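# Results of the structural survey
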Amino acid sequence: MQWIADTVQLQTGWVVNSELEFWMAIVGIVGLGVVYEMIRFVKFLLIEVYKAKREEAAKARVVEQRCLTEWCFHGGLTLLYTTEMLMKFTLMTVFMTLNICYALPVLIGLGLGHSLFAANRELTS
């Protein structure tokens, strides 16, 4: 497959020189899309669990010291958000190479990840 030779991925220093490297890049891009959707789903679940716990505590009229818990929760969400944005911009950069061989795996990975993690969330909400 000659058209695979010397395909630039993200930078001029990252060149695919063999068919194996090409398919490894494709699998990596699809995997990145799936992991991106997984992170979004985990973030959604954490927020829902935290909301449920706060509502439960409010109904029971429990007054407790939540400062450390809220700071840890907020820090964890901030870390997840930062990771999500890094992955989102990486996928966008790959898609914007305007190489169909790399743009399609981005879409496939996001679609696969959505079907695995997020589709059920949309049906239940």
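A few points on the structure.

Reading guide: rules and limits
Residues numbered from 1 in each chain as written. Predicted model: local features only at pLDDT ≥ 70, side-chain atom pairs only at ≥ 80, totals over all residues. Heavy atoms only, no water. Core = buried A, V, L, I, M, F, W, Y, C linked by side-chain atoms within 4.5 Å. Buried < 20%, exposed > 50% of the residue type's maximum accessible area, 1.4 Å probe, protein only. Helix = DSSP H or I, 4+ residues; strand = E, 2+ residues; numbered from the N terminus. Salt bridge = Lys/Arg side-chain N within 4 Å of Asp/Glu carboxyl O. Phe/Tyr/Trp six-rings, centres within 6.5 Å; stacked < 30°, edge-to-face > 60°.

Judged by nonpolar contacts, the single largest core of 14 residues is most densely connected at F22, I29, V94, Y102 and V106. Going through the elements one at a time, helix 1 (19-59), helix 2 (67-95) and helix 3 (100-124) are the ones with two or more residues in this core. Looking at this core element by element, the count peaks at 6 residues for helix 1.

Tallying each qualifying case throughout the model produces 3 salt bridges. Salt-bridge contacts for E84 lead to K43; the nearest nitrogen and oxygen are separated by 2.7 Å. Here E84, found in helix 2, pairs with K43, found in helix 1; they are 41 residues apart in sequence, far enough to count as distant. A single burial state applies to E84 and to K43, both of which are buried.

Below, the discussion takes up the packing of aromatic side chains. Within the structure shown, the criterion is met by 4 aromatic pairs. Each ring, one from Y50 and one from F73, has its centre 4.1 Å from the other, and the planes form 10 degrees; the classification is stacked. In this pair, Y50 is assigned in helix 1 and F73 in helix 2, connecting sequence segments 23 residues apart. Its relative accessible area of 16% is what places Y50 among the buried residues. Ring pairing ties together the aromatic residues F22, W23 and Y102, which thus form one cluster.

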